[in-house]
Amino acid sequence: MAGGNNNGQGTGVGEEKTASPRQSEVNRKLKYISLAILVVQNASLILSIRYVRTLPGDRFFTTSAVVMAEVLKVLTCLLIILFQRKGNLKEFIVLQYNSIVIQYKDTLKLAVPALIYTLQNNLQYVAISNLPAATFQVTYQLKILTTALFSVLMLRKSLSRIQWLSLLLLFAGVAIVQLEQEGKQKETTVTGPSQNYAKGLVAVIVSCLSSGFAGVYFEKILKGSSASVWMRNIQLGIFGTLLGLLGMWWNDGLAIAEKGFLFGYTPMVWGVIFNQAFGGLLVAVVVKYADNILKGFATSFSIIVSTVVSVYLFGFHVDLLFTLGAGLVIGAVYMYSLPKAAAPSPSTATLSSSSHSLADGVGDSETEAFLPKSVLVK
């Protein structure tokens, strides 16, 4: 409609009309590609961890896998920044020195989220090792509830009535799934070799709490920051590696000294580590083309994919209670991702753009670039 006022020349308008459908078609394809990548990455990570942790034979040390994923992530981000600098090594080193050492106060701010993410990554291994993949996937959506509550408390964000209703449905859905699983535990006392359902449940709940706090805390300290996604991941990865090594020494130090850092590593284990390291970075790029509704769909689809694959791969039994609970969670995730009716104020929009689009919603592409890989889809 404004085309007539903007230089109204015929050629310019004609070009705009021909370019617009092509651009919208490209954007539509990118959205579908983004949806597929988000679903595959989110579901495959959980399923692959569950698979390698339930295989017979020597078990790898999960603490070493967390460290290895952090190292690979840091190296990848370093290579990306070096590529962005067109291979200029001097400029690359100066940038790293300025960003990490000179601006040390900015770097130190990331120690807290790095500690929480390292704890969370270790807890995810514990949870998935002791819970069916589908149950973990459904229960882990409690991170939406914890993130929303921390956002209200720490950032003074407001939620719509639909979002509050969706959180209530989410909690109800997860509770129903847990009741269903509790019934199964009473029927069969043995869930598998060295598996402990209560331990897995505690691990996933603590992981959800840490995910919610870390995401909101990270958004808070990111306000006004000019650092790139890749530089932030390097800073986080440095702390994550050091803290991961400390946790590895504390938990498995003697065993690793005896058997070796790479004990139990198979091609499948390496696949899990690469998925954890590179999958999140890939999603950090892809998520720019995915709005909240698409991310909600992706989470819902990944729950369905995890459930279906679990039936065939792990002999998971889906009954009416689980279907009801999972259905409530899927519906709640979609409802929560719906846009608010009221448009954001101009001041909020200005703040968002100046801080690299830290979204008005709970999860955004900039913040989510640093979240653990299975948490990325919100």
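Labelled according to an unreviewed UniProt entry, the chain appears under the name UDP-galactose translocator, originating from Oncorhynchus tshawytscha. You can read under Subcellular location (unreviewed entry) in the UniProt record for the chain the words "Golgi apparatus membrane". Quoted verbatim from the Sequence similarities (unreviewed entry) field of UniProt, the annotation for the chain is "Belongs to the nucleotide-sugar transporter family. SLC35A subfamily."

S.K.: Would you mind showing me how to read the environment of Asn 251 here?
M.R.: Counting through the fold element by element, Asn 251 comes out in helix H10 (residues 229-259). Sequence separation between Asn 251 and Thr 63 is 188 residues; the distance between their C-alpha atoms is 7.9 Å.

S.K.: Would you explain the UniProt feature "transmembrane region" (unreviewed entry) in the chain in this entry?
M.R.: UniProt tags residues 32-52, 64-83, 162-179, 199-218, 230-250, 262-287, 294-314 and 320-338 as "transmembrane region" (unreviewed entry). Between the end C-alpha atoms of residues 162-179 the distance is 26 Å, and the span holds 100% helix and 0% strand. Split by type, residues 230-250 is 100% helix and 0% strand. Its first and last C-alpha atoms lie 29 Å apart.

S.K.: Would you mind showing me how to read helix H13 (residues 320-337) here?
M.R.: A turn of α-helix holds 3.6 residues, and therefore any two residues three or four places apart point the same way. Over its 18 residues, H13 extends 26 Å from the first C-alpha to the last, a length consistent with the 26 Å expected when each residue adds 1.5 Å. Between the side-chain oxygen at the start of H13 and the backbone nitrogen of Leu 321 there is a gap of 3.4 Å, and the oxygen is on Asp 319.

S.K.: How do you make sense of the packing of helix H2 (residues 62-84) against H10 when you look at a structure like this?
M.R.: Any two packed helices are characterised by how steeply their axes cross, that is the angle between the axes, and by the distance between the axes. Interhelical geometry of H2 versus H10 gives an angle of 160 degrees and a closest axis separation of 7 Å. Relative to H10, the element H2 is oriented roughly antiparallel. Between H2 and H10 lies a crossing whose hand is left-handed. Broken down by class, the residue content of the contact of H2 with H10 amounts to 15 nonpolar, ten polar and three charged.

So, how was this worked out
- Residues numbered from 1 in each chain as written.
- Predicted model: local features only at pLDDT ≥ 70, side-chain atom pairs only at ≥ 80, totals over all residues.
- Heavy atoms only, no water.
- UniProt positions renumbered as here; feature names shortened; annotations may be inferred.
- Helix = DSSP H or I, 4+ residues; strand = E, 2+ residues; numbered from the N terminus.
- Expected span 1.5 Å × (residues − 1).
- Polar contact = N/O pair within 3.5 Å; in protein donor to acceptor, adjacent residues only side chain to side chain.
- Axes fitted to C-alpha atoms, helices over the stretch in contact; angles between N-to-C directions.
- Parallel < 35°, antiparallel > 145°, perpendicular 65-115°, else oblique.
- Left-handed = near helix turned anticlockwise from the far one by under 90°.
- Nonpolar A, V, L, I, M, F, W, Y, C, P; charged D, E, K, R; others polar.

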